[in-house]
Amino acid sequence: MESISTKNSSSSNILSKIRKFGGHMSGMVMPNLGAFVGWGLMAALFIPNGWFPNENLAQMVGPILNYLFPLLIGYTAGYNIHGQRGGVIGAFATMGVIVGADITMISGAMIMGPLSAWVLKKFDEVTQDKIKPGFEMFVNNFSLGIIGAIFAIFAFLTVGPSIRALIAVLTTGVQWATDNNLIPALSIFMAPAQVLFLNNVVNHGILAPIGYAQAAEFGKSIMFLVDTNNGPLLGTLFSVWLFGKGKAKSTAPMAMFIAGIAGIGEVYFPFVLANPILVFATMGGLAVSLFLQVLLGGGLIGVASPGSLINIALMTPKDAIFANFVSILAGFIVSTLLGMVLLKLFGSGEDNDDLAKEFNVGGRKVKTVDNFTMKENSSKSINELESLASSVKKIQVACDSGMGSSAMGATVLRKRLKKEGFEHIEVKNSSANRIDMDTDIVVTLESLIDRARISGKNPNTAYIPINNFLKDDDYNEVVSFVAHREQSLESSSVLSKELLNEENIILGAKFDNQLEAIKASGKILVEQGYVKEKYIDDMVERNNNISVYIGNHVAIPHGLEDSQNQIIKSGISIIQVPEGVDFGEGNTANVIVGIAGKNDDHLAIISRLAELFIDENNVEKIRNAKTKQEILGLIYQK
C-alpha cells in the first residue's frame, strides 16, 4: 500500500508539474489573445484568398505575425517573471530570434522571454543590497542593457538556427510519412506543432509545397487538410466545454465559434497549453481524420487560409465532399471522446477538493478548520499572522485574462463583503499576471496561484484559492480571513506600541529649517533601532525630489522606494513643533511624522494617522498636547 501511495503521489507530482509548466506557457499567450483574434480577422478578410481581398491592407498581416506577436509574447513572458524590467528584457532578447530566423519566431519568444527575465531577476536579487545610493538608475539601466544585449546576440546565433533545424526535422518526417503511406502519423508532428505556434510554419513552409505538387497532378491533396482540419481541435474544445471546469469551460464555446467559423485556430492553443494532456485528444482525432481521408479519397484543391469550416468547404473538390465531411466529423467525435476520457482521468487542471481548506500567506501554507484559521502543522491561531499586515484594505480577484470570470467574481465578493459589514474593502478584478503591490488578498483558482505569486511582489499578500468564481460559499474563507484580520487589529496594541511608543515622540521641538526637522525624525528611528543611519539621507533625498509636506500642517518624512535595505523593522516617530517649521511655499508643519515601513506591517497606524490628520482639529490637539500620553491616546483611541 505504501508503494502504491508513493507511486500515485509521484504521478500526481509529475502531472502537477506538467500543468504548472502549461500554465506558464498559457500565461505568455492568454493576455495577448485579443491581438491574435484581431490579426486573424484581418487575415481572413484581406489576404489574397480572403473574404474581401485587399492588397494594401494585407501588407499588415505578415509584419504583425512575424514581429508583433513574438515581441508581445516575449514581453508578457518576461513581465510575468520580473515585472516591467522582465518585460523589457524579454522583448529585447526576442528580437534576437526574430532577426536570426526567416520564419515566425513565436516559439523562440517563449524561450528567450522567460529565460532572459529570469536571469535579470536573479541578478537584481544578488545586487539589490549592494548598490550605493544614487547609483540605482545607472546600475538598473546598464544591467538590463548588457544582459539584454547578450541574450539577443545569443538568440540570434543559436535559438533561431535551432528552430530552423527543428523545422528541417519536421520536413523530413512529413516527407517520410508521405513516401511510406503513413500520412495519419503526421498527427504526431502536427498536434504539438500547433500549440507551439509552429502551425503556420509547418503548414505554409512544408505541407503546402507538397500539397500544390500533388494537387497539380491529382487535382487535390490531403496535405492541405493536415493543419487546417478543424474537426479535431473543435472536438477538443467541445470536450472542455462539456467536462472541463472554471474559465476554460466557460470560454470554450466562444473559442469554438472563432476557430470554426472565423478560422482563427490560435484561440485553441491556450486551452492545451494550460492542460497539455489534451494534446493527445487532438492528436488522436487528427490521426483518425487523416486515415479516413486516405481511405475515402479526401483533400482540398488549395490551402484553406484562414482554416474555417466555410473556407474548407469552398476549397473542397466535388469528388472529395463526402470524404472531407466524414473525416472532419470523425475527427471531431474522436477528439471529443478522447478529451472526455483524459479530463476524467487526469482532471481539468482547475479542480481540487481541498481548495476551500488551504491558502497561502507570505509563502506559507495556511489551512482553515471549523472557520478558525491555523498554520499547517501548528496549534497557533491566526494571531500568529497579525504581523504580516494590518486590516484588509484591498482584494484582487484574478483569472487568466482579468476580464471575464474575475470580473464576475469580484462582483460576487463585493456584495458578500458588504453583507458582512466590510464594505470599506476595495475589491477589483485583474489578470493573475497583474497583482498590485498594495493588495492584501488575492483570490483565484488553484491552477493560477503560482502565476499570481510570481506577479505579486508583496511577500505579505495572502493567496486564497476557490473552486467557482460565481459561488457565494466559495468566498467563506475570504470573509473568515478578513474577520480574523480585523479582530487581530483590534487586539494589536502590543504590536502597535512596538511601532510607536513614548520613546518615539518628542514634544516642544524647535527647528530653524525643514532639513533639521527631517533629520531629527530620522534620528529617532535610528536610535530606536528601526533603521540604519543612511536611511536619514534617503529621507532628505525624498524631500528634495518631492516635498514630504502633505498639508494640514503635517509633514511625513520617509525614505525612497529603494530604501528597504536600510530598514531593520517598521517604526514611526512623531515630533511636536508648536511654533512650526517652514516647508516652503508658505507651508508650516507643526507635526513631523517619520516613517520607516518594512513591508506592510506599519499600515494600521498609518491608516489611523491619516484619519486623524484629515481633521485639522486633531492636528491642533497634537500640537498643543502637554504629554506624550495625550498623543498616544489620540492615536490609539477606539
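Above this text sits the structure in question.
What you see is a predicted model, and the numbers here were worked out from it, not measured in a lab.

1. What to know about a nonpolar patch on the surface
Taken together, the side chains of Y67, M95, V99, I153, F156 and L157 define a hydrophobic patch exposed on the protein surface, amounting to about 590 Å² of accessible area. Counting residues per element, the ones that place at least two in the nonpolar patch are α3 (61–99) and α5 (136–179). With respect to the helices and strands, F156 occurs in helix α5.

2. Focus on the pattern of salt bridges
Applying the stated criterion across every chain, the model contains 11 salt bridges. A salt bridge links R416 to D472; the nearest nitrogen and oxygen atoms lie 3.2 Å apart. Taken together, the residues R416 in helix α14 (residues 405–419) and D472 in the loop between β7 (462–466) and α16 (476–490) connect sequence positions 56 residues apart. Overall, D472 belongs to the partly exposed group, its relative accessible area being 34%. Salt bridges here are not isolated pairs; linked through shared partners, they connect K394, K428, D436 and D438.

3. So, the packing of aromatic side chains
The tally for this structure, following the rule as stated, stands at five aromatic pairs. Plain terms: the ring middles of F138 and F142 are 4.7 Å apart, the flat faces sit at 35° to each other, and that makes the pair tilted. Taken together, the residues F138 and F142, both in helix α5 and four residues apart, mark about one turn of the helix. Given a relative accessible area of 51%, F138 falls into the exposed group. Classification of F142 by relative accessible area gives partly exposed; the value is 48%. Taken together, F238, W241 and F332 form an aromatic cluster joined through their ring pairs. A cation over a ring is seen here: R434 above Y79, with NZ or CZ 4.2 Å from the ring centre. Stacked on the ring of Y463, the Lys or Arg R453 has its end atom at 5.6 Å from the ring centre.

4. Description of the packing of helix α11 (residues 279–296) against helix α13 (residues 321–346)
The geometry of α11 relative to α13 is characterised by a closest axis approach of 7 Å and an angle of 155° between their N-to-C directions. Classified by the angle their axes make, α11 and α13 are roughly antiparallel. Crossing of α11 over α13 shows right-handed handedness. In contact with F280, A281, T282, G284, G285, V288, S289, L292, Q293 and L296 of α11, α13 contributes F322, A323, V326, S327, I328, A330, G331, V334, S335, L338, G339 and L342. Grouping the constituent residues of the contact of α11 with α13 by class yields 13 nonpolar, nine polar and no charged.

5. Side note on the sheet that holds strand β12 (residues 588–596)
Reading across the sheet, the five strands line up as β8-β11-β12-β10-β9 and stay open at both edges, with mixed pairing between neighbours. Edge positions in the sheet fall to β8 (505–506) and β9 (549–551), since each has one partner strand and no second. Where strand β10 (residues 554–555) meets β12, two bridges bridge the pair, whose relative direction is parallel. The residue bridging V554 from the neighbouring strand is V591, located in β12. Seen against the sheet, helix α18 (residues 514–527) touches β8, β11 (571–582) and β12 and runs at an angle of roughly 155° to β11. Across the sheet, helix α21 (residues 616–624) lies against β10, β11 and β12, angled at about 85° from β11, the strand it touches most.

Reading the values: rules and limits
- Residues numbered from 1 in each chain as written.
- Predicted model: local features only at pLDDT ≥ 70, side-chain atom pairs only at ≥ 80, totals over all residues.
- Heavy atoms only, no water.
- Patch = residues over 30% accessible without salt bridge, like charges linked within 9 Å, V, L, I, M, F, W, Y side chains within 5 Å.
- Areas by Shrake-Rupley, 256 points an atom, 1.4 Å probe, with all protein chains shown as cover.
- Salt bridge = Lys/Arg side-chain N within 4 Å of Asp/Glu carboxyl O.
- Helix = DSSP H or I, 4+ residues; strand = E, 2+ residues; numbered from the N terminus.
- Buried < 20%, exposed > 50% of the residue type's maximum accessible area, 1.4 Å probe, protein only.
- Phe/Tyr/Trp six-rings, centres within 6.5 Å; stacked < 30°, edge-to-face > 60°.
- Lys NZ or Arg CZ within 6 Å of the ring centre and 35° of its normal.
- Axes fitted to C-alpha atoms, helices over the stretch in contact; angles between N-to-C directions.
- Parallel < 35°, antiparallel > 145°, perpendicular 65-115°, else oblique.
- Left-handed = near helix turned anticlockwise from the far one by under 90°.
- Contact = heavy atoms within 4.5 Å.
- Nonpolar A, V, L, I, M, F, W, Y, C, P; charged D, E, K, R; others polar.
- Pairing = 2+ DSSP bridges.

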